[in-house]
Amino acid sequence: VILFFFPDYWVLSVRDKRRAEIRSAAADLIDQMTICVEAGLGFESALGRVASTNAGPLSDELRHTMSDIAAGVPRAQALRALADRADIVEIRQLVSALLQAQKHGVSMAETLRIQSAEMRLKRAQATEEKAAKLTVKIIFPIIVCFMPVFVIVTLVPSLITVFKAL
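Residues numbered from 1 in each chain as written. Predicted model: local features only at pLDDT ≥ 70, side-chain atom pairs only at ≥ 80, totals over all residues. Heavy atoms only, no water.

**What about the packing of helix H2 (residues 43-53) against helix H3 (residues 57-70)?**
Following both chains from N to C, one finds H2 and H3 inclined at 140°, their axes separated by 8 Å at the closest point. It follows that H2 is oblique to H3 by the angle criterion. For the element pair H2 and H3, the recorded crossing hand is left-handed. Along its contact with H2, which presents Glu-44, Leu-47, Gly-48, Val-50, Ala-51 and Ser-52, the element H3 presents Ser-59, Leu-62, Arg-63, Thr-65, Met-66 and Ile-69. (Axes fitted to C-alpha atoms, helices over the stretch in contact; angles between N-to-C directions. Helix = DSSP H or I, 4+ residues; strand = E, 2+ residues; numbered from the N terminus. Parallel < 35°, antiparallel > 145°, perpendicular 65-115°, else oblique. Left-handed = near helix turned anticlockwise from the far one by under 90°. Contact = heavy atoms within 4.5 Å.)

**A word on a nonpolar patch on the surface**
A surface patch of nonpolar side chains, about 910 Å² in accessible area, is lined by Ile-138, Ile-139, Phe-140, Ile-142, Ile-143, Val-144, Phe-146, Met-147 and Phe-150. Here Phe-140 lies in helix H6 (residues 108-165). In this structure Phe-140 comes out as exposed when scored by relative accessible area, which is 60%. (Patch = residues over 30% accessible without salt bridge, like charges linked within 9 Å, V, L, I, M, F, W, Y side chains within 5 Å. Areas by Shrake-Rupley, 256 points an atom, 1.4 Å probe, with all protein chains shown as cover. Salt bridge = Lys/Arg side-chain N within 4 Å of Asp/Glu carboxyl O. Buried < 20%, exposed > 50% of the residue type's maximum accessible area, 1.4 Å probe, protein only.)

**Section: the packing of aromatic side chains**
Two descriptors summarise a pair of aromatic rings, namely the distance from one centre to the other and the angle between the planes of the rings. Enumeration over the complete set of coordinates arrives at 1 aromatic pair. Residues Phe-4 and Phe-5 carry aromatic rings whose centres are separated by 5.0 Å and whose planes lie at 85° to one another, so their mutual orientation is edge-to-face. Taking relative accessible area as the criterion, Phe-4 reaches 61% and is therefore assigned exposed. (Phe/Tyr/Trp six-rings, centres within 6.5 Å; stacked < 30°, edge-to-face > 60°.)

**Comments concerning H3**
Over its 14 residues, H3 extends 20 Å from the first C-alpha to the last, a length consistent with the 20 Å expected when each residue adds 1.5 Å. Considered for burial, the residues of H3 that qualify are Pro-57, Leu-58, Ser-59, Glu-61, Leu-62, Thr-65, Met-66, Asp-68 and Ile-69. Buried-residue contacts for H3 involve helix H1 (2-38), H2, helix H4 (75-86) and helix H5 (89-104). Of the residues trailing H3, Gly-72 is marked for its positive phi of about 110°. (Expected span 1.5 Å × (residues − 1).)

**Side note on the pattern of salt bridges**
Between side chains of opposite charge, a pair can form as their charged atoms come close. Going through the model one piece at a time under the given rule, you end up with 15 salt bridges. The salt bridge partner of Asp-16 is Arg-15, with a shortest N-O separation of 3.1 Å. The exposure class of Asp-16 is partly exposed, given its relative accessible area of 40%. Since its relative accessible area comes to 35%, Arg-15 is described here as partly exposed. A salt bridge links Glu-44 to Arg-75; the nearest nitrogen and oxygen atoms lie 2.7 Å apart. Of this pair, Glu-44 sits in helix H2 while Arg-75 sits in helix H4, and the two are 31 residues apart along the sequence. A network of salt bridges, in which partner residues are shared, links Arg-18, Glu-61, Asp-68 and Arg-85.

**Some thoughts on the environment of Val-50**
Relative to the helices and strands, Val-50 resides in helix H2. With a relative accessible area of 1%, Val-50 lands in the buried category. Along the chain, Val-50 and Pro-74 lie 24 residues apart, while their C-alpha atoms are 20 Å from each other. Non-local contacts of Val-50, meaning those with residues more than four positions away in its chain, are made with Leu-29, Gln-32, Met-33, Cys-36, Ser-59 and Leu-62.

See below:
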């Protein structure tokens, strides 16, 4: 039974690890793209530059997107494929914002800056949430492991003195 479910568990754990790596790298890569676009590079050039200078699953996905664009796939379709492959809410929001910015003629650099700030805010909120959950998780080990030792260390000497006195 264990061997039957192990491949599914392994694939799900690899997928979750990959998604976590993409989430953690997204804001930094978007910042780098913002800098490249503000420096005068075109969007595709900035995408290629960021993809080539970084490592990780998000950089691999950006390289794949760049190869799609180089093969003749329209930018909008390649970005949607990126969002589908990554399957992360933050990347979907980024792609939607980029496509709307392209459609309405809004500055790509400003759109990238706003998306990066939102990703950083979400990452900070997730960290705060984990920190808040930590206190609940640590109560059980404290009660089970440390409290008996505290009780023994504080009560045993006084009990020894009381028994000697009696």
